[in-house]
Amino acid sequence: MTENNNQEKEMDKQLEECRKLKDEYLAGWQRAKADFLNYQKDEKERIKDVLDFAKMAWVFDLLSIH
């Protein structure tokens, strides 16, 4: 019985370690996903700003305003 208890304790310990690793990996992936979504949002905003600036420059050239 003692051997079974030791095996059970060892398995519980391994299971807990696996759960901790899973939680760490999950948290890492969630952070990476959030970072990527923020990057996409920021990049879309930068592209919009560049296009707005280009349109404004084009209008100024069209109206010959300097």
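These numbers were taken from a predicted model, which means no experiment stands behind them. All residue numbers here refer to positions counted from 1 along the written sequence of the relevant chain. Reporting in this predicted model follows two pLDDT cut-offs: at least 70 for local features of residues, and 80 or more for side-chain atom pairs to be given and counted; totals over whole chains, interfaces and linings ignore these cut-offs and use all residues. Values shown for side chains rest on all heavy atoms present in the structure; no hydrogens or waters enter the calculation.

As for the overall build of the protein chain
Piece 1. By definition, any uninterrupted DSSP run of H or I lasting at least four residues is a helix, any uninterrupted run of E lasting at least two residues is a strand, and each is numbered from the N terminus. Check the secondary structure of the protein chain and you find one helix and zero strands.
Piece 2. The reference for a compact globule is 2.2 Å times residues^0.38; the radius of gyration itself is calculated from the C-alpha atoms. Here the protein chain has a C-alpha radius of gyration of 28 Å; the compact-globule value for 66 residues is 11 Å, and the former is much larger.
Piece 3. Principal-axis analysis of the C-alpha atoms gives the protein chain an extent of 95 × 10 × 5 Å.
Piece 4. Think of it in three bands: with a 1.4 Å probe and only protein chains considered, a residue is buried below 20% of the maximum accessible area for its type, exposed above 50%, and partly exposed in between. Sorting the 66 residues of the protein chain into buried and exposed places 0% on the buried side.
Piece 5. Per-residue and other accessible areas were derived by the Shrake-Rupley procedure at a 1.4 Å probe size, with only the shown protein chains allowed to occlude residues. When the accessible area of the protein chain is evaluated, it comes to approximately 6,700 Å², of which 60% is carbon and sulfur surface.

A short note on a nonpolar patch on the surface
Piece 1. Residues enter patches when they are more than 30% accessible in relative terms and free of salt bridges; like-charged ones are connected within 9 Å and nonpolar ones (Val, Leu, Ile, Met, Phe, Trp, Tyr) within 5 Å. Just to be clear on terms, a salt bridge is a Lys or Arg side-chain nitrogen sitting within 4 Å of an Asp or Glu carboxyl oxygen. Taken together, the side chains of F53, M56, W58, V59, F60, L62 and L63 define a hydrophobic patch exposed on the protein surface, amounting to about 750 Å² of accessible area.
Piece 2. In this fold, W58 is placed in helix 1 (residues 2-63).
Piece 3. By relative accessible area, which is 57% here, W58 ends up exposed.

Some words on the environment of E45
Piece 1. Structurally, E45 is set in helix 1.
Piece 2. Residue E45 is classed as partly exposed on the basis of its relative accessible area of 42%.

Some points on the pattern of salt bridges
Piece 1. Inspection of every chain in the model, using the stated rule, returns three salt bridges.
Piece 2. Residues K22 and D23 are paired through a salt bridge, measuring 2.9 Å at the closest nitrogen-oxygen approach.
Piece 3. The partly exposed category is assigned to K22, whose relative accessible area is 48%.
Piece 4. A salt bridge links R46 to E43, with the nearest nitrogen and oxygen atoms 2.9 Å apart. With R46 and E43 both in helix 1 and three residues apart, the pair spans about one turn of that helix.
Piece 5. Classification of R46 by relative accessible area gives partly exposed; the value is 44%.

Observations concerning helix 1
Piece 1. With 62 residues, helix 1 ought to run about 92 Å at 1.5 Å a step, and its terminal C-alpha atoms sit 91 Å apart, in line with that.
Piece 2. Two residues or fewer after helix 1 comes S64, characterised by a positive phi angle close to 55°. Multiply 1.5 Å by the residue count of a helix minus one, and that product is the helix's expected span.

Focus: a negative patch on the surface
Piece 1. Together, E8, E10, D12, E16 and E17 make up a negatively charged patch on the protein surface.
Piece 2. Take E10: it is sitting in helix 1. Positive charges are assigned to Lys and Arg, negative charges to Asp and Glu, while His and the chain termini are left out of the count. Throughout, a charge is located at the NZ atom of Lys, the CZ atom of Arg, the CG atom of Asp or the CD atom of Glu.

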